[in-house]
Amino acid sequence: MKKPKTSLICKLTFWVLLFSASAKAQIQKTEPPFWYAGMKNPELQIMFYGKNISQYEASVSNNVVIKNVEKTENPNYLFVTIDTKDVKASELVFSFKIKNKVAFTQKYALKERRANSADRKSYDSSDLIYLIMPDRFANENPKNDSNASLTEKSNRQDPGGRHGGDVEGIIKNLDYISSLGATTIWNTPLCEDNEKQHSYHTYAQTDVYRIDPRYGTNEDYARLSAELHKRDMKLVMDYVTNHWGISHWMVKDLPTKSWINQFENYTQTHHRREVITDIHASESDQEVCIDGWFVPSMPDLNLRNPLVAKYLTQNAIWWIEFANLDGFRVDTYNYSDKTAMANWAKSVTNEYPNFNIVGEIWMNNQANLAFWQKDSKIGAIENYNSNLPSVMDFTLQSQIGSVFNENEPGWDNGLIKLYNNFAMDFLYPNTNNILVFAENHDTDRMNHTFKYDLAKYKLAMTLLATVRGIPQIYYGSEIGMGGDKAKGGDADIRQDFPGGWAGDKNNAFTAAGRTAEQAAYFDFSSKLFNWRKSNEAVHSGKMTHYIPENNTYVYFRFTDAKTVMVVFNNNAKEQIVKTNRFKENIKNYKSGKDVITGKTFDLASEITLEPKSALVLELE
């Protein structure tokens, strides 16, 4: 009688399962998780992460060439660079050997790109950007408010906690945003932020290849992009190159000590970014500015490390391809090494020549701002070109908050501040590609600053809608939302949009749900910004302005075919503006039609302006 083979089969099964489990455990993460065939830069650096993975030798199928394999002092990382030139979309197989024997394999997908992906059109001065803080906008899926794998749970009662807004809530309200006249959405970051508290702002990211599950999934984000494109709208991602969160999985197990900037003792940046361009600055001041951490919970990334630079470049490109993005806004742009950032911007725009990137350069001096815009002649003084297409006009933003509160004219107060701001435009290489705004998620709320005076709000919005650059507005201001940062901190300027949560007493997303006050704000904004959509004179026309008199200010935006005249009265009293002074721009036009009221104004001699008002006149 033959002996049963059960024990032998069990042993074989055991070893097969053990080997399979071991192989699976060898690679815990692969980043980028997949890539695309046909990129202009064919070099792809793939990071394999797993316990002691560096002991293995890597090879790849399909006759793909491995150009470089880099190991660091941390044995859990292996950086493999392959050449994808002429490699078609396919599934590659990486083999990992030890002592010439294959220990395990890993599949890796090269996917097809969208048609004309490299030539995608980005946002520009014809757009209006609507800035959303997703956690505070709308909660369409309460089931994802908290997540078992993430530390901080939903608590809407905590002003600084997570309130539950999500990607689905944005998608649901796209028609509302479109009806306002906005053409582009910029969300504050949506990637995972697994910090213990204040994770709702998501600037301390802990996984940059994963949408935070409390917002939704990667697929939800791609669907948001698709829904926007159906409406001929655009999606801008808020990208962070300077830092990650202290709980990022890679920070917990650094690939190399130089992955982040570290000092002998914790060192925070002094935020004095003037030292970057200061020819007299000390090296120690520059080092602390660039390498110091933003805050203790945000480790400073070292972009001078080629592995880090490549990782961040590929991550940015991966999101562009995966989510079909239309642009970036980059946080804390000039807190990183300026040469490394120039290389990062160049790498992205090499792949996408029309792709717009606006950097947060929070400085209140035009020369310092202009230094950072691509092809700046100021930058050229130091033989520097940032390759950054756009910057945020913080000088204008800082003036808007005070100008319209100054009723009495003076040598250096009131509307002369606006004139002086635009008088410095000669410093910029491309004034049409500057982001103009009155507020954002970090600044004082405009309506609070104006003490909820609708007339002042109208003045500010009229300015943004008609000056050079790309206008950006902040969610909720269009219905009169405010918030006192000095009293309530960041949470107070990031309040929940009324109607975004089930049970909200007031739903400002609908005309029927708005209060009379909210409707007054919204109706004006919608009319103004929808008019702006089709007016090329304010998109890209030239600008001529006149020195303010009696706290009134007049400028013209014009092309060969169209002229728009904008007139501000910043006084608390009615003003009469004589038109003879503006003949060089009025030319043969006889009248101007107000784009808000439809009223026609005779340009022959004078225009009467109500207190604290503005006119936007299409000349006829």
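Residues numbered from 1 in each chain as written. Predicted model: local features only at pLDDT ≥ 70, side-chain atom pairs only at ≥ 80, totals over all residues. Heavy atoms only, no water.

**Concerning the nonpolar core**
- By size, the foremost hydrophobic cluster in this structure holds 161 residues, and its most contacted members are Tyr130, Phe328 and Trp344.
- For this core, the element with the highest residue contribution is helix H7 (residues 306-323), accounting for 11 residues.
- Residues in contact with phenylalanine 328, not counting those within four places in the same chain, are Tyr123, Val236, Met237, Tyr239, Ala316, Ile320, Trp344, Val348, Phe355, Asn356, Ile357 and Val358.
- Counting 15 residues, the second largest nonpolar core, distinct from the first, contains Val577, Phe582, Phe601 and Leu609. (Core = buried A, V, L, I, M, F, W, Y, C linked by side-chain atoms within 4.5 Å. Buried < 20%, exposed > 50% of the residue type's maximum accessible area, 1.4 Å probe, protein only. Helix = DSSP H or I, 4+ residues; strand = E, 2+ residues; numbered from the N terminus. Contact = heavy atoms within 4.5 Å.)

**Description of the sheet that holds strand E2 (residues 35-36)**
- Judged by pairing direction, the sheet is mixed, and its 4 strands sit side by side in the order E2-E8-E7-E4 without closing on themselves. This sheet does not close on itself; its edge strands, each paired only once, are E2 and strand E4 (57-60).
- In this sheet, strand E8 (residues 101-111) lies alongside E2 in parallel orientation, the contact comprising 2 bridges. Across the sheet, the residue bridging to tyrosine 36 is lysine 111, located in E8. (Pairing = 2+ DSSP bridges.)

**As for empty space enclosed by the protein**
- In this structure the tally under the stated criterion is 2 cavities of 30 Å³ or more.
- Elements with a contribution of two residues or more to the lining of the largest cavity: strand E13 (234-240) and H7.
- For the lining of the largest cavity, the leading source of residues is E13, giving 4 residues.
- Along the lines of polarity and charge, the residues of the lining of the largest cavity split into 7 nonpolar, 2 polar and 1 charged. (1 Å grid on protein atoms, 1.4 Å probe; cavity = no way out; pocket = protein on both sides within 12 Å on 5 of 7 lines; lining within 4 Å. Points joined across faces, edges and corners; volume = space filled by probe spheres on them. Nonpolar A, V, L, I, M, F, W, Y, C, P; charged D, E, K, R; others polar.)

**Examining the sheet that holds strand E3 (residues 43-49)**
- The strand order across the open sheet formed by 4 strands is E1-E3-E6-E5, and the pairing between neighbours is antiparallel. Of all strands in the sheet, those bounded by a partner on one side alone are strand E1 (29-31) and strand E5 (65-70). Going across the sheet, the axis of each strand differs from the next one's by a mean of 20°, ignoring polarity.
- Examined bridge by bridge, E3 and strand E6 (residues 77-83) share 7 bridges and lie antiparallel to one another. Counterpart to glutamine 45 in the pairing with E6 is threonine 81.
- On the sheet, H7 packs against E1, E3, E5 and E6 and is oriented at approximately 105° with respect to E3. (Axes fitted to C-alpha atoms, helices over the stretch in contact; angles between N-to-C directions.)

**As for the environment of methionine 461**
- Counting through the fold element by element, methionine 461 comes out in helix H14 (residues 454-466).
- Since its relative accessible area comes to 2%, methionine 461 is described here as buried.
- Spatially, the C-alpha atom of methionine 461 lies 9.0 Å from that of phenylalanine 437, the residues being 24 residues apart in sequence.
- Contact partners of methionine 461, with chain neighbours within four places excluded, come to Met446, Ile473, Phe524, Leu528 and Phe529.

**Description of the packing of aromatic side chains**
- Taken as a whole and judged by the stated rule, the model has 53 aromatic pairs.
- Ring geometry for tyrosine 209 and tryptophan 318: centres 5.1 Å apart, planes at 75°, overall edge-to-face. Taken as a pair, tyrosine 209 in strand E12 (residues 207-211) and tryptophan 318 in helix H7 lie far apart in primary sequence, 109 residues in all.
- Tyrosine 209 sits in the buried class, given a relative accessible area of 7%.
- Overall, tryptophan 318 belongs to the buried group, its relative accessible area being 2%.
- Centroid distance phenylalanine 294 to tyrosine 335: 5.2 Å. Interplanar angle 80°. Geometry classified as edge-to-face. Taken together, the residues phenylalanine 294 in the loop between helix H6 (283-291) and H7 and tyrosine 335 in the loop between strand E14 (327-331) and helix H8 (338-351) connect sequence positions 41 residues apart. (Phe/Tyr/Trp six-rings, centres within 6.5 Å; stacked < 30°, edge-to-face > 60°.)

**Digging into the pairing of strand E15 (residues 356-359)**
- Side-chain alternation along E15 places Asn356 and Val358 on one buried face and Ile357 and Gly359 on a second face that is also buried.
- Pairing of E14 with E15, which is carried by 4 bridges, proceeds in the parallel orientation. Looking at the pairing, glycine 327 lines up with asparagine 356 of E15.
- Handedness of the crossover joining E14 and E15 through H8: right-handed. (Right-handed = clockwise from strand over helix to strand, strands pointing away.)

**Some remarks on a negative patch on the surface**
- On the surface, Glu274, Asp278, Asp285 and Glu382 cluster together into a negatively charged patch.
- A relative accessible area of 34% places aspartate 278 in the partly exposed class. (Patch = residues over 30% accessible without salt bridge, like charges linked within 9 Å, V, L, I, M, F, W, Y side chains within 5 Å. Areas by Shrake-Rupley, 256 points an atom, 1.4 Å probe, with all protein chains shown as cover. Salt bridge = Lys/Arg side-chain N within 4 Å of Asp/Glu carboxyl O. Lys, Arg positive; Asp, Glu negative; His and termini not counted. Charge placed at Lys NZ, Arg CZ, Asp CG, Glu CD.)

**A few points about the pattern of salt bridges**
- A full pass over the atoms with the stated rule returns 30 salt bridges.
- Measuring nitrogen to oxygen at the nearest pair gives 2.8 Å for the salt bridge that ties arginine 231 to aspartate 175. Of this pair, arginine 231 sits in the loop between helix H4 (218-230) and E13 while aspartate 175 sits in helix H3 (residues 174-180), and the two are 56 residues apart along the sequence.
- Of the residues examined, arginine 231 reaches a relative accessible area of 27% and is grouped as partly exposed.
- Glutamate 192 is the salt-bridge partner of arginine 210, the closest N and O atoms lying 2.4 Å from each other. Of this pair, arginine 210 sits in strand E12 while glutamate 192 sits in strand E11 (residues 191-192), and the two are 18 residues apart along the sequence.

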